[in-house]
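Each chain is listed here by its residues.
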Amino acid sequence: MGLELFLDLLSQPSRAVYIFAKKNRIPFELRTVDLLKGQLVSKEFLQVNRFQKIPVLKDGDFVLAESVAILIYLSLKYQTEAHWYPTDIQTRARVHEYLGWHADCIRGTFGVLLWARVLAPLIGAQVPEEKVGHNRTSMDQALQQLEDKFLGDRPFLVSNQVTLADLMALEELMQPVAVGYDLFEGRPRLAAWRTRVEAFLGAELFQEAHSRILNILEQMANKTIPVPPPEAHPTMLKRIARIT
Amino acid sequence: MGLELYMDLLSAPCRAVYIFARKNSIPFDFQFVDLLKGHHHSKEYIEINPLRKLPSLKDGKFILSESVAILSYLCRKYSAPSHWYPPDLHTRARVDEFMAWQHTAIQLPMNKILWIKLLIPMITGEEVSAEKTEKILEEVKINLQLFEEKFLQDRMFITGDHVSLADLVALVEMMQPMGGNYNVFLSSPKLAEWRMRVELTLGSGLFWEAHDRLVKLADWDCSTLDPGVKERICEFLQKYK
């Protein structure tokens, strides 16, 4: 059994890993763990990763979670083009600097709108509008810092070429876009950056990776969206409770 | 001007950087940025790091923030012994995995305990509800169990027989509640043993020197707190109510 990637393209870090593997022609078996169908808490997935998180990489007996760790592992093992994870000490440090800040200020923040507008209602839960308001403020602040500190005058976030930072950032930013908040509007610098990253990844790959998330509102409207089974609810409710 | 590290040892990420630099005899100038006096919001510091976070590193013209980035940079630039960030692909990935996980799983909740147990009552005069306190303590308990089961297992250190950046970062963060007299290591003998092992490997003298300001935090006279800083803190605390 070769490399396996356990993913759900609904999730931002899953998309980052998927896109990276595809773009770099890394051969892998895609194992979809359908979040909406409650497969994250299934017995089968528990055997793969008893800590019930995706994305997960399985390379023989070696099991690895955390998208950043997976991306770095793949870039080193498959010796992807240097621009993704530059070898120059300062540029590499800048990638890590971005990823550290991303963990605190982007991750956990940009996924909230999907929870509020789609995932919570699906299980009959609610995210108070006040919290949605706070979240919007947090996103706006983070976007300002993203533009000012990490993008600046550069074509990409920390260097003149695409790095892991751009991929992780873009996938998070696409999440609220998919649920109706076009955060690129009124932010021409960021919009231009997004266009550049998309162009680099290629329209076909971009489309493929984003079709699931970009169709989510339509699925809600048509009621063709899967309703998470009861066993998925406790984990989902815990996540909803953590929204401040 | 050689390497400068901008830090306040009240912050766990600062302690990780401080201990690593001292342990590896990396020469640096300690630039103290007093969090309690709000100096991270000063004009001077904002020029170094407009995000106003600690720690920051300044190496000539190169300025870098984020402790994980700083630790990797120092490791590489000063050729620290390889056990700190092992070259083996799988072992390195385990360190990266921990470093990614710890932001929300360890650092954040450990800091919350310090706020709940000490700083909020001290600064605002109000206690945080028992319900909220219990929720955070429960979250910490679960994450520490996860830490033991997934990252530590039956090993001496996270990567095996030698200390790495992962142990250093894990430990300084788990020490944070000590500032509020809350000892998370009491919950598990295995965790306590690992804690002692890491402390001894780093050197008890260095370890406790790095934690001195934290363990004395309860003695801080917060009436000296700058009103602007106090206001900012109270705003930030709204989410704990």
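Residues numbered from 1 in each chain as written. Chains lettered and ligands numbered in written order. Predicted model: local features only at pLDDT ≥ 70, side-chain atom pairs only at ≥ 80, totals over all residues. Heavy atoms only, no water.

Draft legend 1. Geometry of the UniProt feature "domain: GST C-terminal" (unreviewed entry) in chain A. On the UniProt side, "domain: GST C-terminal" (unreviewed entry) is annotated at positions that read residues 88-230 of chain A here. Secondary structure across residues 88-230 of chain A comprises 69% helix and 0% strand; the distance between its end C-alpha atoms is 49 Å. (UniProt positions renumbered as here; feature names shortened; annotations may be inferred. Helix = DSSP H or I, 4+ residues; strand = E, 2+ residues; numbered from the N terminus.)

Draft legend 2. Fine view of empty space enclosed by the protein. Inspection of the entire model under this criterion finds 1 cavity of 30 Å³ or more. Empty space within the largest cavity amounts to approximately 40 Å³. His96 of chain A together with Val68, Ser72, Tyr85, Val95, Asp96, Met99 and Leu165 of chain B together form the lining of the largest cavity. Where the lining of the largest cavity is concerned, the elements lending two or more residues are helix H3 (67-77) and helix H4 (89-124) of chain B. If you tally residues by element for the lining of the largest cavity, the top one is H4 of chain B, at 3 residues. Taken together, the residues of the lining of the largest cavity sort by class into 5 nonpolar, 2 polar and 1 charged. (1 Å grid on protein atoms, 1.4 Å probe; cavity = no way out; pocket = protein on both sides within 12 Å on 5 of 7 lines; lining within 4 Å. Points joined across faces, edges and corners; volume = space filled by probe spheres on them. Nonpolar A, V, L, I, M, F, W, Y, C, P; charged D, E, K, R; others polar.)

Draft legend 3. Up close: the confidence of the model for chain B. Averaged over every residue, the pLDDT of chain B is 94; residues scoring 70 or more account for 99%. Predicted as a complex, the structure gets a pTM of 0.96 and an ipTM equal to 0.96. (pLDDT = per-residue confidence, 0-100.)

Draft legend 4. Just the sheet that holds strand S2 (residues 29-32) of chain A, in detail. All names here are of chain A. Pairing is mixed across the open sheet formed by 4 strands, whose spatial order is S2-S1-S3-S4. Both outer strands of the open sheet, S2 and strand S4 (62-65), are each paired with one neighbouring strand and no more. Adjacent strand axes in the sheet meet at a mean angle of 20° when their direction is disregarded. Both strand S3 (residues 56-59) and S4 contribute to a ladder of 4 bridges, which runs antiparallel. Its bridge partner lying in S4, lysine 58 is registered against valine 63. The strands touched by helix H1 (residues 12-23) within the sheet are strand S1 (3-7) and S2, with S1 carrying the most contacts at an inclination of about 145°. Running at roughly 130° to S4, helix H3 (residues 67-77) makes contact with S1, S3 and S4 of the sheet. (Pairing = 2+ DSSP bridges. Axes fitted to C-alpha atoms, helices over the stretch in contact; angles between N-to-C directions. Contact = heavy atoms within 4.5 Å.)

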